[in-house]
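# Summary of structural features
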Amino acid sequence: MSGFGRPSGSHQRRQNKVRLSLLAVGREQKRDPLHEVGADYLKRAQGIAGGLGLKGPELRLIAPGKGSDPQGESKRLRDGIAGAAVLLDQRGPSWSSEEMAQHIAKRRDGGTAELAFCIGGADGFDASFRDELVANGGKLLSFGRAVWPHALCRVMLAEQIYRALAILSGHPYHRP
């Protein structure tokens with residue numbers, strides 16, 4: 001234990017907050033109502049994050065390739081990940097909101113520098129990138145077997161990140 005009864009690692013964790021990122025292959029659509037909704041959820045999550053030892057979440061868009069380019073898009077995503085990652089992929093398991101909250105807390109408590117939630121391009125992730133990420137401790141997450149438009153997927157993911165932070169903070173937004 002260190003001063004004031006805190007476990008010795010808690011002060012360090014609070015100084016080095018884990019950055020949450022939403023990395024998505026795509027272009028910004030300024031006047032898109034879905035973009036506005038996603039930005040609102042991220043802003044709400046930012047209001048909670050600091051008290052949980054987290055920074056962000058922030059949206060970072062990765063330029064899509066010309067035509068079908070999962071390899072190039074996956075390389076640009078890989079270059080944008082500075083820590084652990086969760087890939088949205090229909091091959092992965094679905095998580096409850098509570099499971100997402102537990103995953104974020106586990107990464108935070110484990111000292112991860114960044115936790116990036118990634119949305120691939122129109123043709124998904126390159127298989128070798130996906131396999132490499134999972135082999136190195138990354139996770140796959142599915143929003144079901146259906147294929148969703150990328151803009152809608154960003155909104156759904158932003159909402160789930162906000163909901164997960166609300167769960168961790170005891171905020172009344174989440175009502176199971």
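Attention in this report is confined to the structure presented alongside it. (Residues numbered from 1 in each chain as written. Predicted model: local features only at pLDDT ≥ 70, side-chain atom pairs only at ≥ 80, totals over all residues. Heavy atoms only, no water.)

## A closer look at unusual backbone geometry
The criterion, for reference: Helix and strand definitions follow DSSP, with helices as H or I runs of at least four residues and strands as E runs of at least two, each counted in order from the N terminus.
In the segment running from Gly56 into Pro57, the intervening peptide bond is cis, with an omega of 0°. By the element assignment, Pro57 lies in strand 2 (residues 54-62).

## Overview of the sheet that holds strand 4 (residues 114-119)
Pairing between the strands of a sheet is mediated by backbone hydrogen bonds and can be parallel or antiparallel. The criterion, for reference: Here, any two strands with at least 2 DSSP bridges between them count as paired. To get an axis, a line is fitted to the C-alpha atoms, and for a helix only the part in contact is used. The angle between two axes follows their N-to-C directions and goes from 0 to 180 degrees.
One open sheet accounts for 5 strands, arranged 2-1-4-3-5; its pairing is parallel. Each end of this open sheet is capped by a strand with a single partner; those strands are strand 2 and strand 5 (139-141). Strand-to-strand twist across the sheet, computed as the mean angle between neighbouring axes with direction ignored, equals 20°. With 7 bridges joining them, strand 1 (residues 18-25) and strand 2 adopt parallel strand pairing.

## Points about the side chain of Asp126
For the record, the criterion: Buried residues are those whose accessible area, probed at 1.4 Å on protein chains only, stays under 20% of the maximum for their type, while exposed residues exceed 50% and partly exposed ones sit between those limits. Only four residue types enter the charge count, namely Lys and Arg as positive and Asp and Glu as negative; His and the chain termini do not. By definition here, a salt bridge exists when the distance from a side-chain nitrogen of Lys or Arg to a carboxyl oxygen of Asp or Glu is within 4 Å. Each polar contact in these results corresponds to two N or O atoms within 3.5 Å; when the atoms are within protein, one needs to be able to donate a hydrogen and the other to accept it, and residues that are neighboring in sequence are counted only if both atoms are side-chain atoms. Throughout, a contact is declared for two residues whenever any of their heavy atoms are within 4.5 Å.
One can find Asp126 in the loop between strand 4 and helix 5 (127-135). The side chain of Asp126 sits in the buried core without any salt bridge; Arg78 is the nearest counter-charge, 5.5 Å away. Polar side-chain contacts of Asp126 include one of 2.4 Å to the side chain of Ser128. Beyond its immediate stretch of four places on either side in the chain, Asp126 contacts Pro70, Gln71 and Ser74.

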